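Residue-level listing of the chains:
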Amino acid sequence: MRNTVSGSSSAREAVRSTARGRGTGGRRAAALAVAVVLTASAVLSLTTATATATAASGAAASGVSASDAAPTRSEYGKARLQRDVDAIRAIGVNGVEARVIDADGRQLAATSGVADTRTRRPVPPNGYTRIASTTKTFVATVVLQLVAEGELSLDDTVEKHLPGLLQGNGNDGSKISIRNLLQHTSGISEEGYPNFASVEDFLKHRYEPYTDEQIVAKAVRHKPYFAPGTEWRYSNTGYVLLSMIVKKVTGNPWHEEVDTRISKPLGLSRTLWSGYSLGVPNPHAKGYMVIPPHAPIDATRYFDGDAAGGLLSSTRDVNTFFRALLDGRLLPAEQLAQMRQTILVDAWQDLWPGARYGLGLTSRPLSCGGVYWSHGGDIYGYKTRSGVTADGGRSVVVSMNTQLGDERAARQEKAAGDLVDRALCATR
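Sequence order sets the numbering: in each chain, residues are counted from 1 along the sequence as written. Two thresholds apply to this predicted model, a pLDDT of at least 70 for residue-level local features and 80 or more for giving and counting side-chain atom pairs, whereas whole-chain, interface and lining totals are computed over all residues. Heavy atoms throughout the structure, all of them, feed into the side-chain values; hydrogens and water do not.

Visitor: Could you give an account of the environment of A140, with specific residues and numbers?
Guide: Helix and strand assignments come from DSSP, with helices taken as H or I runs of at least 4 residues and strands as E runs of at least 2, each series counted from the N terminus. With respect to the element layout, A140 can be found in helix α6 (residues 135-148). A140 sits 221 residues away from L361 along the chain, and the two C-alpha atoms are 8.2 Å apart.

Here it is in structure tokens:
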């Protein structure tokens, strides 16, 4: 869900096929062969055969029994949570933290592994982490609050609020709506969004800042992928445009609106804009990229300040946010219903059967029935997975400080998904 580092143009193309969120199936083998960094795009850049085989055998590979792979409603306690985070660490993830909150407000938290491979210090509980594309749900919530207030409409076009910005090379801002941007159906090119072509490229350029205007200016130099509303393709650039619209309407940057409308009312003390600071505040776990044949890379520090993924947060704060969103504290019923109007995403089905995308919010089926709501986040060195029940009553957040860029990628993804499913299907 964030940028990707790859070793060849074929891998870059595989990732770009659906941009930062998730990839398509056409070039999965090529992406795996060059061992791209695992973003959710890279997860789905695995071959269909690999994903299918992993689904069948991943539980055993991660130390989870076959019976656990199909959970039923039962109690989920601290010991079970600890086994689940240990299973993720055993795959090759340096450090893991998971936090579960039930309907009574009871919290379970567990950590496994290390925050720093050199000092071997443990993963700090509720430490700061880069939440990457989970940021999109915060941004979407602000946009829908503005809709509820009458400041915006989902049918408003980009042209109405940012006149003349999207023109040329087949781009037409008068045909792209706010709904299109929120749901990744705008078709706008991702060629303007910062991506690194190799590990060396990342190491050389990771500290260089960029602006929203630079991203959009580069995007419109390219033809759109499709006519607005006709297809789905994950778009970071779309959320950059949303942040520009928020600023035009409110007079404030998107992150200030997030702070005023969400973080302060909910008491999210560790949800911050990364801004122009390159690091992560203490306490935190360092983020690592594992891209064979390279040695693990400390990728904690880099510039990433846009609305597609520029928030820092913690497992407690992300839990609190999703619970408040789904139980109706952040949006009126009409706007929450709009947010949860989803479309099936074909590109995700190999690894996440039944996965759908709404307006900055995803849904996936639960093994015990129904669906859960979430938005994952993947960025250099960090990976976040989350889930909350439809009523906001039970939630879970998993934070990992390693992106695996080899055959273990799908195993990491499955182990995290199994943890989320088990935690949400529990009776308490």
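Visitor: Can you break down the packing of helix α5 (residues 78-91) against helix α15 (residues 409-425) residue by residue, with the values?
Guide: Note on geometry: axes are lines fitted to C-alpha atoms, helical ones only across the stretch in contact, with angles between N-to-C directions running from 0 to 180 degrees. Closest axis-to-axis distance for the α5/α15 pair is 9 Å, and the angle between their directions is 170°. Looking at the two axes, α5 sits roughly antiparallel to α15. Here α5 contributes R80, L81, D84, V85, I88 and I91 to the contact with α15, which in turn contributes R411, Q412, A415, A416, L419 and R422. Grouping the constituent residues of the contact of α5 with α15 by class yields 7 nonpolar, 1 polar and 4 charged. Roughly parallel here means an angle under 35 degrees, roughly antiparallel means over 145, roughly perpendicular means 65 to 115, and every remaining angle is called oblique. Throughout, a residue-residue contact means that at least one pair of heavy atoms, one from each residue, lies within 4.5 Å. Each residue is assigned to one class: nonpolar for Ala, Val, Leu, Ile, Met, Phe, Trp, Tyr, Cys and Pro, charged for Asp, Glu, Lys and Arg, and polar for all the others, Gly among them.

Visitor: Quick rundown of the sheet that holds strand β6 (residues 272-273)? Include the residues and the values.
Guide: Strand order in the open sheet made by the 3 strands is β3-β9-β6, with antiparallel pairing throughout. The two strands at the open ends of the sheet, each matched to only one other strand, are β3 (129-130) and β6. Two strands are counted as paired when DSSP detects at least two bridges linking them. Pairing between β6 and strand β9 (residues 311-313): 2 bridges, direction antiparallel. Across the sheet, residue W273 finds its bridge partner in β9, namely L311.

Visitor: Tell me about empty space enclosed by the protein, residues and numbers included.
Guide: Put plainly, a pocket is an open set of points on a 1 Å grid over the protein atoms alone with protein on both sides within 12 Å along at least five of seven lines, a cavity is a set where a 1.4 Å probe fits but cannot get out, and a lining residue has an atom within 4 Å of a point. Grid points are joined across faces, edges and corners, and a volume is the space filled by probe spheres set on the points. Applying the stated criterion to the full structure yields 5 cavities of 30 Å³ or more. Looking at the second largest cavity, its volume works out to about 100 Å³. The wall of the second largest cavity is formed by 14 residues, among which V123, Y128, T129, A285 and S399 lie closest to the centre. Listing elements by their share of the lining of the second largest cavity, those giving two or more residues are β1 (95-101) and β16 (395-400). Looking at the lining of the second largest cavity element by element, the count peaks at 3 residues for β1.

Visitor: Outline the packing of aromatic side chains, supporting the account with residue identities and numerical values.
Guide: Here the aromatic set is Phe, Tyr and Trp, taking the six-membered ring for Trp, and pairing holds for ring centres within 6.5 Å; pairs whose planes are under 30 degrees apart are stacked, those over 60 apart are edge-to-face, and all others are tilted. Summed over the entire model, instances satisfying the criterion amount to 15 aromatic pairs. Between F321 and F322 the ring centres are 5.2 Å apart and the planes differ by 55°, which places this aromatic pair in the tilted class. Each member of the pair F321 and F322 is classed as buried. Measuring from ring centre to ring centre gives 5.9 Å for W348 and Y357, while their planes differ by 75°; the resulting arrangement is edge-to-face. Neither W348 nor Y357 differs from the other in exposure class; each is buried. Among the aromatic side chains, those forming a connected cluster through ring pairs are W232, Y234, W348, W352 and Y357. Two thresholds decide whether a charge sits over a ring: the Lys NZ or Arg CZ must be within 6 Å of the ring centre and within 35 degrees of the ring normal. Positioned above the aromatic ring of Y239 is the side chain of K136, whose terminal nitrogen or guanidinium carbon lies 5.7 Å from the ring centre. In this scheme, a residue with accessible area under 20% of its type's maximum is buried, one over 50% is exposed, and one in between is partly exposed, where area comes from a 1.4 Å probe on protein chains only.

Visitor: An account of the pairing of strand β2 (residues 107-113) is needed here, citing residue identities and associated values.
Guide: Here β1 pairs with β2 via 7 bridges, running antiparallel. Residue pairing across strands places V100 opposite L108, the latter belonging to β2. In sequence, β1 turns back onto β2 through a hairpin of 5 residues, with G105 there showing a positive phi of about 85°.

Visitor: Let's hear about the pattern of salt bridges: which residues, and what values?
Guide: Note on definitions: salt bridges are taken to be side-chain nitrogens of Lys or Arg within 4 Å of carboxyl oxygens of Asp or Glu. The full count for this structure, using the stated rule, is 17 salt bridges. Between R261 and E149 there is a salt bridge; the shortest N-O distance is 2.7 Å. Here E149 lies in the loop between α6 and α7 (158-161) and R261 lies in helix α12 (residues 254-266), a separation of 112 residues in the sequence. Take R261: its relative accessible area is 17%, and that puts it in the buried class. E149 gets classed as partly exposed once you look at its relative accessible area, which sits at 45%. With its nearest N and O atoms 3.6 Å apart, the salt bridge here joins K286 to D298. Linking K286 in the loop between β6 and β7 (288-290) with D298 in strand β8 (residues 297-298), this pair joins segments that are 12 residues apart in sequence. Using a relative accessible area of 31% as the deciding quantity, one classes D298 as partly exposed. What emerges from the salt-bridge pattern is a single network uniting D378, K383, R385 and E413.

Visitor: Which residues make up the sheet that holds β8, and what values do they have?
Guide: Strand order in the open sheet formed by 3 strands is β8-β7-β17, and the pairing between neighbours is mixed. One side of each edge strand has no neighbouring strand; the edge strands of this open sheet are β8 and β17 (402-404). As paired elements, β7 and β17 share 3 bridges and run parallel to each other. In the strand pairing of β17, M289 is matched with Q403.

Visitor: Before we move on, can you summarise the state of the cysteines with the specific residues and values?
Guide: When the sulfur atoms of two cysteines come within 2.5 Å, that pair is taken as a disulfide. If you walk through the whole model with that rule in mind, you get 1 disulfide. A disulfide bridge connects C368 with C425, and the sulfur atoms are separated by 2.0 Å. One quick way to see it: the torsion about the S-S bond of C368 and C425 is about -85°, and its sign makes the bridge left-handed. One end of the pair, C368, is in the loop between β12 (362-365) and β13 (371-374); the other, C425, is in helix α15, with 57 residues separating them in the sequence. For C368, a relative accessible area of 25% corresponds to the partly exposed category. C425 sits in the buried class, given a relative accessible area of 0%.

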